[in-house]
Each structure stands twice: as C-alpha cells, then as structure tokens.
Amino acid sequence: MKRWIAVIVLGAWAWAAPLTTVYDRVASLMNQVQSVQSSNPKQASDLLRQADEYLSKEGSELSMKLREGISTALRDAQTALARKSRADLEARLQMVRSLLGKALYDSYFDALGNAQADAARALLPRLIAASALPKTLTAQIEGLGNDIDKVRQTLERTYAQGIVNALSRARSQTNATQAFLEATRAYTLYLVVQESPRATGLSARAFVNALSKLSNNDLAGFRKDIEALRQQAEGFLGRVNSSSPGAVRSSAPARTVTAPPAKGGAGSQVTQAQATPAAQSASKPAQAPQQVVAQAAPVKSDGHEERYEGKLDASTQARVEVVLARLGFADLGEWVRGMNLELRARLGEATAHVKSGNFEGVREYLELSHNAYKERYYPVVRLLDPALADRFDRLLGRMQEAVGLRATDLAVALAEVQEIEERLEGRSLGLGHALQVQLELLLLGIPRAFVFILAALLAVFPLYLVNLTFGGRNTYWRLLGLAFFFLFLPAMIEGLSYVASILADPRFGKLGFLAPLSTFSIQSSLMAQLLWGLTLFLVIGLSAAGLRGIAVQFGLIQDRRARANTTTVAQTNPGLAATAPMRAAADPKLTSETIVEWDEEF
C-alpha cells in the first residue's frame, strides 16, 4: 500500500514539467521560429502557438504573472510575424527568454540556499543562455562553490555591465531599429535583477518611457532618457563593485516581474504594451502610419469574421487610426481581438476565482486587466468617449482595492467591455448599465459589505421577537415564526459571507481559512441562489399553513372537518345538536373566563 501511495505522489509531482525542461522546450521552439521566420512564416506562427500551449499546460512552476507575461509576448510575436517585422519579433523573443531567465534566476538561488547542488548545476547554464551572458561565466561561478553572496555579486556585476554596454550602444546608434533592439536588450537584463537593492535608481518605467519616445520618433528625447538610464546603470555597477560580498543581500525572490506603470502592475505586461509601437516604428522609421479602415473592416481569425460598421465621424476616425498605429495595432479589428483576449478573458478568469474564494488570484487578474487597459486600450476609448474611458479606468481601479468582490461586480466590468464595442458601432447598452456602473463605484467594497452585515445583525432582533411572540404551544403560531426565520435567513447568510470576505482578506483579518464561506453569497454562488429559492418556498408554505390555521381558529375560515363533525352529531343525536348553540354562546359577563380561555389556547 505504501508503495502505491509513493507512486501516486511521485506521479502527481511529475505531472508538471520541471523548470529546466520547460526552458529547454520553449528555447528550442524559439530557435526554430528564428530559423524559419522568413522561409515559412506559417510554421513559425505554429511554433509560437505550440510554445504558448505548452506553457499553459506544463508551466505550473512559473508564477501567474510570469506565465501571463510570456503568453502575451508570444501572442505579440505572432502579430510581429504577421507584419513581417523582424525587429519586433526579435524583441518579443528576447522578452520571452528574459522572463524565463527571471524564473531561472530565482530558482537558482533557491537551490543554492537549500544546498541542492545538482539542481543549481542544472539551472546555471540555462540561466546564462537565457540572458545571453558569456559562456565562460559558468566555470567562474561554479568555482565560487556555495558562497551565495559571492555568486550573487558576480551575477549582478555581469548583468549590470551588460545593461551599461547595451545602453551605450543604443545611445550611439543612428539606426532606429538597432537602437530599439539594444534598449530592449538592456531592459530584459534589468528585469532579471530588478529586485536587487543595489539596482536603486533604475526602474522599468524609465525603460518603457524611453521606448515610447522612440516609437514616437522623438530621437532626442530617447537619447536623453537612455543617457540617464546609462548613468543609473553605471551607479548600479559601481555599487556592486564597491560592496563586499554579504554586505548587501537581495530580498527573497518574489518570482514576479514588477515593472509598474502609473498605478502599479506586471512588468511584462507594461513592456509588451509599450515596446510594440517602438518596434513598429523602429523597423520602419520612415513609413507613414498604417491606414485603418474603421468602416466595414473584415478581420478574420480562425475562420471567424468580425465587422465593425463604425459610426465615427471623419475627424475621430482619423485620430483613431493614428493612435492605433502608435499602439502597434494593424486595424480596429485587431484592437478589438486584443481587448477580448486581454480584458474579457482575464475578467472571466477573475470571475472563476471569485466563485472559488481565491481573492488573491482575483486581484492579480484585475491588476493585469487594468494595466493592459491603461496601456493598450484606454487611448482609443478616450477618443471615442472620454467619460467612458475614465469611468472604466476608475471601475477597474476600485475593484482592485475593494473587499468582498462578487461575480456580479465582474459581470458589470465585462459589460463595460461590451459597452466599448457598442460605442464603436454607434450603439450603447443604455442608462440601466450606466446606473449599475455608478452604483458599483459608489458602493463597491466596504460600503456594500457594511450594508449587508448591518442587515444580518438587525435580522436577529425581529427573530428574537418572533420567538417571543410565536414560541407558545400553538402549532400555527410556531409555523408562522418559522416562516419569518426562513425569510431572514438569506440576509443573514449574505452578511456572514461578507464578514468572511473581510476576515480572509490579507489586508484585514488574514484568516484565509474563512475564504470558502464567502462563496455562499447569493451574488456569486448558484448553490446559494437555489437555497434562497428553497427558503422562499418554505416561507410561502409555512406562512400559508400558519395563517390558515389561525384564520380557522378565529372563525374567518370554516374548517371542513368541523362541519363534518357537526353534521354527524346532528344525524346521530338531534337533541345534543339542538343544545350546542346555547352551550357555545359566549356570556359577555364572563370576561375573566374569556381571558383565561384565550391565554390557555394561544
């Protein structure tokens, strides 16, 4: 039996490929893409798709943000391949290798820290290959043994020197394409070591801003930013050289790439958003922006055709075309497909995490969606309707910060994406949707949670009074009391689910084991909705039975069984039936007797 358990455990562990295998497979596919990109673009596109599918199945050792970043880079590589932009494709493949290099870098130091020499030896040459570092570095680092501080200092020195060299080449380049590739090279090296405390001064945002200026043909601004980055990189190199091993330790690897935009976010996402236009303009610096046919433009994807009969006026259409070209989109249909992939799909994944109570996953997907929207879709939406663009931006921002998110909230966010598509065709979801969004912005988070928690607490008092009033011996009154209980039960469950959401949130209670209780919310769970429906039937049944019984006792409804008994008595004993009305008549003078009878009965 123990042998079988061991086999099962080992099989489950082996289900996900180790990081070294993942890197070898993806690197091999990337090399094949580079070799066939000119001769067989279709095969190159299929290889990129294979790499994406392989990572989604076998890349469980990668963090979610790294997987999302690599997946986005692979999809952007397919777009670059379709445009026949060699510079853009090379930049995308550099980004894929860099993000894999970040995972290898963190895993390598984990292996060293845990004295896993074999694992460290397997990871090191792949790390050096992923970052295109000198091959002689392998022997140099292995000669340092298990001295983690010296190994880290050596690697950081190599990365810092590589960043300085790449930025120097980018500054001196007269060709925009080569300048773009060199700046991208420096950026990808920085992403691997960005968590080092010695890399202060450098930031992913600064790299992104420089690439954005290059995409706008602002060569003077690009060179100025590159020079500032080079000086910061030299400062990074100087701090590495001057510090003694062990004097400065990097914080524990976070296994994420953080290159925050204006409001924070995944570095990979920002890079891919901003580098696309840079590559497009760099590969063809003298080419005019691509013309976008906004009216009746067919866009085909896997046999599916999308047409947008935009009702845009001529001036708005011209401005949209310019922005689309700057963002790196071939046409409006490609922009919409990207929005569906990066916003709809991620909001749908966030909805699935809400239903399972994984609010950390929800926030990560919302963060990715918000970053993608700000970088790639907000500029176009702002041209169509500035109020709508800002409203959706605020909604995504509030959702990231809110506690107690429900599936209905994410349904409103998905409806906002649909609203954007509707605006492209001159339609709208109407005032009802706009009202829902405003209510979300007003009540989302603590305000709404407070309302439901307060309702749950206040429901206790009427239930106490119900028990006090209807808790006697009369069966019908007890049935009515039960009806009141089931009437208030959904409100109490909803309040409990919000309490669980708050206490399970890392920013508040940090009691993660309570997260499953949040899934009992009627706004997220089908089971809770069915339970609510069942309680409604119970309320209807119990209240009907109780009220009917009380009505019979008050004589408002004549009981058939009482009529049948009277008829039987009249047939069997006419004398007793004749005296019954006299015995049943109430004596108005006997008020105390009436009161006693009332108390005893009810």
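What this report covers is the structure whose coordinates are included nearby. Computed from a predicted model, the values in this text were never measured in an experiment.

**What to know about the overall build of the protein**
Then, number 1: The helix and strand tally for the protein stands at 25 helices and 2 strands.
Then, number 2: Expressed as a percentage of its 602 residues, the buried residues of the protein come to 48%.
Then, number 3: Considering only contacts within the protein whose residues lie at least 6 apart along the sequence, 72% involve residues at least 24 apart.

**Quick look at the nonpolar core**
Within soluble globular proteins, side chains that are nonpolar tend to cluster in buried spots.
Then, number 1: Counting residues in hydrophobic clusters, the biggest one holds 83 residues, and the most contacted among them are Met30, Tyr108, Leu155, Tyr159 and Phe207.
Then, number 2: Among the elements that take part in this core, helix 5 (residues 86-113) stands out by supplying 15 residues, more than any other.
Then, number 3: With near-sequence residues (within four places) excluded, Phe207 lies in contact with Ile163, Leu167, Ala183, Ala186, Tyr187, Tyr190, Leu202 and Leu229.
Then, number 4: Judged by nonpolar contacts, the second largest core, of 41 residues, contains Val320, Val354, Tyr378 and Leu424.

**Description of the pattern of salt bridges**
Then, number 1: In this structure the tally under the stated criterion is 29 salt bridges.
Then, number 2: Salt-bridge contacts for Glu156 lead to Arg198; the nearest nitrogen and oxygen are separated by 2.8 Å. Placement of the pair is Glu156 in helix 8 (residues 148-172) and Arg198 in the loop between helix 9 (176-193) and helix 10 (204-215), with a sequence separation of 42 residues.
Then, number 3: With a relative accessible area of 0%, Glu156 lands in the buried category.
Then, number 4: Residue classification places Arg198 among the buried positions, given a relative accessible area of 5%.

**Concerning the environment of Leu181**
Then, number 1: In this fold, Leu181 is placed in helix 9.
Then, number 2: Sequence separation between Leu181 and Asp88 is 93 residues; the distance between their C-alpha atoms is 8.5 Å.

**Overview of empty space enclosed by the protein**
Then, number 1: For the structure on display, the rule yields 5 cavities of 30 Å³ or more.
Then, number 2: The volume enclosed by the second largest cavity comes to roughly 60 Å³.
Then, number 3: Surrounding the second largest cavity, Leu489, Pro490, Ile493, Phe520, Ile522, Ala528, Leu531, Trp532 and Thr535 form its lining.
Then, number 4: Of all the secondary structure elements, the ones that give two or more residues to the lining of the second largest cavity are helix 21 (475-504) and helix 22 (526-553).
Then, number 5: It is helix 22 that provides the largest number of residues to the lining of the second largest cavity, a total of 4 residues.

**With respect to the environment of Ser168**
Then, number 1: Its location among the elements puts Ser168 in helix 8.
Then, number 2: Residue Ser168 is classed as partly exposed on the basis of its relative accessible area, which comes to 22%.
Then, number 3: C-alpha of Ser168 to C-alpha of Leu229: the two residues are 61 residues apart in sequence and 9.7 Å apart in space.

**A few points about the side chain of Gln523**
Then, number 1: As for its placement among the helices and strands, Gln523 is situated in the loop between helix 21 and helix 22.
Then, number 2: Within the structure, Gln523 has its side chain in polar contact with the side chain of Tyr498 (distance 2.9 Å).
Then, number 3: Apart from the residues lying within four places of it in its own chain, the contact partners of Gln523 are Arg406, Ala407, Thr408, Arg448, Phe452, Glu494 and Tyr498.

**Some thoughts on helix 10**
Then, number 1: With 12 residues, helix 10 extends 17 Å between its outermost C-alpha atoms, agreeing within 8% with the 16 Å of an ideal straight helix rising 1.5 Å per residue.
Then, number 2: If you check which residues of helix 10 are buried, you get Ala204, Phe207, Val208, Ala210, Leu211, Ser212, Leu214 and Ser215.
Then, number 3: Just past helix 10, the residue Asn217 takes up positive phi, approximately 60 degrees.

**What about a nonpolar patch on the surface?**
Then, number 1: Among the surface-exposed residues, Leu496, Val499, Leu503, Leu511 and Phe513 lie close enough to one another that they form a single nonpolar patch of about 430 Å² accessible area.
Then, number 2: When you line up the elements, Phe513 lands in the loop between helix 21 and helix 22.

**Brief notes about the packing of helix 8 against helix 11 (residues 219-242)**
Then, number 1: Remark: helix 8 packs on helix 11, axes separated minimally by 9 Å, with the N-to-C direction vectors making an angle of 160 degrees. Here helix 8 lies roughly antiparallel to helix 11, going by the angle between them. Judged by the sense of rotation from one axis to the other, the crossing of helix 8 with helix 11 is left-handed. Touching Gln153, Glu156, Arg157, Ala160, Gln161, Ile163, Val164, Leu167, Ser168, Ala170 and Arg171 of helix 8 are Phe222, Arg223, Ile226, Glu227, Leu229, Arg230, Ala233, Glu234, Phe236, Leu237, Val240 and Asn241, all from helix 11.
Then, number 2: Class assignment of the residues belonging to the contact of helix 8 with helix 11 gives a composition of 12 nonpolar, 4 polar and 7 charged.

**Quick look at the environment of Arg507**
Then, number 1: On the secondary structure map, Arg507 appears in the loop between helix 21 and helix 22.
Then, number 2: Exposure remark for Arg507: the relative accessible area of 41% places this residue in the partly exposed category.
Then, number 3: Sequence separation between Arg507 and Glu401 is 106 residues, and the spatial gap between their C-alpha atoms is 9.9 Å.
Then, number 4: Not counting the four nearest positions on each side in its chain, Arg507 is found in contact with Arg363, Gln400, Glu401, Ala402 and Val403.

**Concerning the packing of helix 13 (residues 314-327) against helix 15 (residues 359-384)**
Then, number 1: The N-to-C vectors of helix 13 and helix 15 enclose an angle of 170 degrees; their axes lie 10 Å apart at closest approach. What the angle tells us is that helix 13 and helix 15 run roughly antiparallel. Taken together, the residues of helix 15 that come into contact with helix 13 (itself represented by Thr316, Arg319, Val320, Val323, Leu324, Arg326 and Leu327) are Glu375, Arg376, Pro379, Val380, Leu383 and Leu384.
Then, number 2: Tallied by class, residues from the contact of helix 13 with helix 15 come to 8 nonpolar, 1 polar and 4 charged.

**What about the packing of aromatic side chains?**
Then, number 1: For the structure shown, the criterion picks out 10 aromatic pairs.
Then, number 2: Residues Tyr187 and Phe207 carry aromatic rings whose centres are separated by 5.2 Å and whose planes lie at 10 degrees to one another, so their mutual orientation is stacked. One end of the pair, Tyr187, is in helix 9; the other, Phe207, is in helix 10, and 20 residues separate them in sequence.
Then, number 3: Tyr187 sits in the buried class, given a relative accessible area of 1%.
Then, number 4: Residue class for Phe207 comes out buried when judged on its relative accessible area of 2%.

**Examining unusual backbone geometry**
Then, number 1: Positive phi values are uncommon outside glycine, yet Ala115 reaches one of about 55 degrees.
Then, number 2: By the secondary structure assignment, Ala115 is in the loop between helix 5 and helix 6 (117-130).
Then, number 3: The exposed category is assigned to Ala115, whose relative accessible area is 66%.
Then, number 4: We note that Ala132 has phi near 55 degrees; this positive angle belongs to a residue other than glycine.
Then, number 5: For Ala132, the position within the fold is in the loop between helix 6 and helix 7 (137-142).

**Notes on the side chain of Ser525**
Then, number 1: Mapped onto the elements of the fold, Ser525 is located in the loop between helix 21 and helix 22.
Then, number 2: Among the residues examined, Ser525 registers a relative accessible area of 12% and is labelled buried.
Then, number 3: In this structure the side chain of Ser525 is engaged in a polar contact, spanning 3.4 Å, whose partner is the backbone oxygen of Thr519.

Parameters and conventions
Residues numbered from 1 in each chain as written. Predicted model: local features only at pLDDT ≥ 70, side-chain atom pairs only at ≥ 80, totals over all residues. Heavy atoms only, no water. Helix = DSSP H or I, 4+ residues; strand = E, 2+ residues; numbered from the N terminus. Buried < 20%, exposed > 50% of the residue type's maximum accessible area, 1.4 Å probe, protein only. Contact = heavy atoms within 4.5 Å. Core = buried A, V, L, I, M, F, W, Y, C linked by side-chain atoms within 4.5 Å. Salt bridge = Lys/Arg side-chain N within 4 Å of Asp/Glu carboxyl O. 1 Å grid on protein atoms, 1.4 Å probe; cavity = no way out; pocket = protein on both sides within 12 Å on 5 of 7 lines; lining within 4 Å. Points joined across faces, edges and corners; volume = space filled by probe spheres on them. Polar contact = N/O pair within 3.5 Å; in protein donor to acceptor, adjacent residues only side chain to side chain. Expected span 1.5 Å × (residues − 1). Patch = residues over 30% accessible without salt bridge, like charges linked within 9 Å, V, L, I, M, F, W, Y side chains within 5 Å. Areas by Shrake-Rupley, 256 points an atom, 1.4 Å probe, with all protein chains shown as cover. Axes fitted to C-alpha atoms, helices over the stretch in contact; angles between N-to-C directions. Parallel < 35°, antiparallel > 145°, perpendicular 65-115°, else oblique. Left-handed = near helix turned anticlockwise from the far one by under 90°. Nonpolar A, V, L, I, M, F, W, Y, C, P; charged D, E, K, R; others polar. Phe/Tyr/Trp six-rings, centres within 6.5 Å; stacked < 30°, edge-to-face > 60°.

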